[in-house]
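# Topology and contacts: notes
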Amino acid sequence: MSSIIIIKNATVVSVDNAIGTVPNCDVLVEDGLIKAVGPGLEYPPAAIVLDATDSIVSPGFIDTHRHTWQTQLKTIGADYVLSDYILNLRQIYGASYSVHDAYLGNFCGALDSIDNGITYLIDHSHIANSPDHADAAIRGLQDARIRATFCYAMYANPHWSGSCVDKEREEATPDWRLEDVRRVATQFFAMSQPDDLLRLGFALSEPDMTPIDRLVHEIDFARSIGCKVITGHFNFGKWDPGNFIVRHFAQRGILGPDLLFSHGNTMADDELDAIAKHGCGISSTPDTELQMGMSHPVAFKARDRGCTAASLGVDVVCSAPADMFAQMRLILQAQRHLEHDAQEGAPLKMSRRCEEVLTLATMGGAKAVGLESVIGSVTPGKRADLLITRCDAPRMTPVHDPIGALVLYANASDIDTVIINGEIVKSGGKLTNIDWPKVRAELLASVDSIMKRASNVPMDDVKATRDYMVDTINVINQRRKVNRAKLS
Ligand SMILES: [Zn+2]
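Residues numbered from 1 in each chain as written. Predicted model: local features only at pLDDT ≥ 70, side-chain atom pairs only at ≥ 80, totals over all residues. Heavy atoms only, no water.

So, about the nonpolar core. Formed by 91 residues in total, the largest nonpolar core has its most connected members in Phe202, Phe249 and Phe261. For this core, the two domains that each supply at least three residues are domain 1 (4-59 + 376-431) and domain 2 (61-368). In this view, phenylalanine 202 contacts Cys151, Tyr152, Met154, Leu178, Val181, Glu218, Phe221, Ala222, Cys227, Val229, Ile230 and Thr231; residues no more than four positions away in its chain are not counted. Counting residues in each nonpolar core, the second largest holds 23 residues, with Trp69, Leu82, Ile92 and Phe236 among its members. (Core = buried A, V, L, I, M, F, W, Y, C linked by side-chain atoms within 4.5 Å. Buried < 20%, exposed > 50% of the residue type's maximum accessible area, 1.4 Å probe, protein only. Domains from an automatic or database assignment. Contact = heavy atoms within 4.5 Å.)

Structure, rendered in structure tokens:
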């Protein structure tokens, strides 16, 4: 028997140019698919009826850059710059995660996302301390019922005495992760389809620390085993050593729509043009980029240069919430500020509209992950990943402009219902089928065990790591000077 949901009497913000924004509109969902969008739709008596009077129906948000495992570290990086983050998260806390911690980080991170209206995640998963960690991270996403692409990252957390990284494995087979992606591809993703909830992706070794031939090899390998998205960190402002890797990729002829470049703040114009030409994705992460000295987010500039797959990501929850409303606001107002400031005199015309940033958070994301025909808008024929956002709270009354309300006013508490693949995963403002007090207690126990391991990190190892960071930063600064000088 088919399952049918009818959403009645909503203001539909479709993010589909052919449909637009429609008041007093219904949405019919059948077997996980959007069947029809329009006023006064007919439906069978067995349908689940959701009254969306005084509410906005919109596509779920698409977060194209997240390290989901970091859920247990929320607020720890509130005053971090990037070097603090790399030292603490990537050298100490990551190595302190057990298999169970990786599971709970991903499970609770996905739940948190759903609560905030994020229905799709790129999980850039650099928590593979062992093959079991990778499996646990996958199971966490599956159990939360979110739509996601699990991008298996090549990054190796360091092994120190008491860490959860196996020194023997790392020293005997430092490249074991590459072969393990092949295992994961066979074990979990052998029959992968575009509309599957979970798909397999790949996250490159840190590009600025890796020879170009190795990066090309990783891309070829990921494609050969069927990874749908290949992602990595590129060109982040003051931390960009000026290697122009995308230019090298273009020269090697390996750019394609399966590549997703996170950050890209200081990409050269010819690199953005190559990305636009080959349909690659870009993910701007306004919170981390503006906080951590990574320069101005590139998403609007990328769109202006023809990159329709420009999108938004949350990145790390150690310093910002898993909240796409916040990302939209931050990047929009930062961009308006930049463009107003660049003008002579007072700005008499608004440079950027709310609609454009809502597109970044929805359709732009769908394009960035190769799913523009599956998700990203309220369009008949697409999978039903939908939000019902109430407009009856004091903050949301009245609403003259529904897109403005979503972009500048709403927050997670206004989201009454979240539907993923036709399944209601948040209803009446609460996650469905989740015993949150029980899950929260497990999460807090996991936090305690991570903090305990991290506090026992041998001081000599921390010192070595700190020295390594200082050396790395000096190398980056030096290389930037040389590379930029070559250009001028
Ligand atoms: Zn990142």
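Turning our eyes to something else, we now look at the sheet that holds strand 6 (residues 61-66). Taking strand neighbours across the sheet as the criterion, the eight strands line up as 6-7-8-9-10-11-12-13 in an open arrangement whose pairing is parallel. At either margin of the open sheet sits one strand with a lone partner, and together these are strand 6 and strand 13 (310-312). Each strand axis lies, on average, 25° off the axis of its neighbour in the sheet, ignoring direction. Running at roughly 85° to strand 13, helix 12 (residues 354-361) makes contact with strand 6 and strand 13 of the sheet. (Pairing = 2+ DSSP bridges. Helix = DSSP H or I, 4+ residues; strand = E, 2+ residues; numbered from the N terminus. Axes fitted to C-alpha atoms, helices over the stretch in contact; angles between N-to-C directions.)

Before going further, it helps to examine the domain arrangement of the protein. Each domain of the protein was delimited in the assignment, giving domain 1 (4-59 + 376-431) and domain 2 (61-368). When each unit is reduced to the centre of its C-alpha atoms, the spacing between domain 1 and domain 2 is 28 Å. Counting residues at the interface gives 28 residues for domain 1 and 26 residues for domain 2. For the pair domain 1 and domain 2, the two sides together bury roughly 2,300 Å², of which 67% comes from carbon and sulfur. Linking arginine 147 and aspartate 385 is a salt bridge whose minimum nitrogen-to-oxygen distance equals 2.6 Å. Inspection of the region where domain 1 meets domain 2 yields six residue pairs in polar contact (both at pLDDT 80 or more). Elements supplying a minimum of two residues to the side of domain 1 that touches domain 2: helix 14 (402-409), strand 15 (415-420) and strand 16 (423-427). (Buried area = accessible area lost by both parts, 1.4 Å probe. Salt bridge = Lys/Arg side-chain N within 4 Å of Asp/Glu carboxyl O. Polar contact = N/O pair within 3.5 Å; in protein donor to acceptor, adjacent residues only side chain to side chain.)

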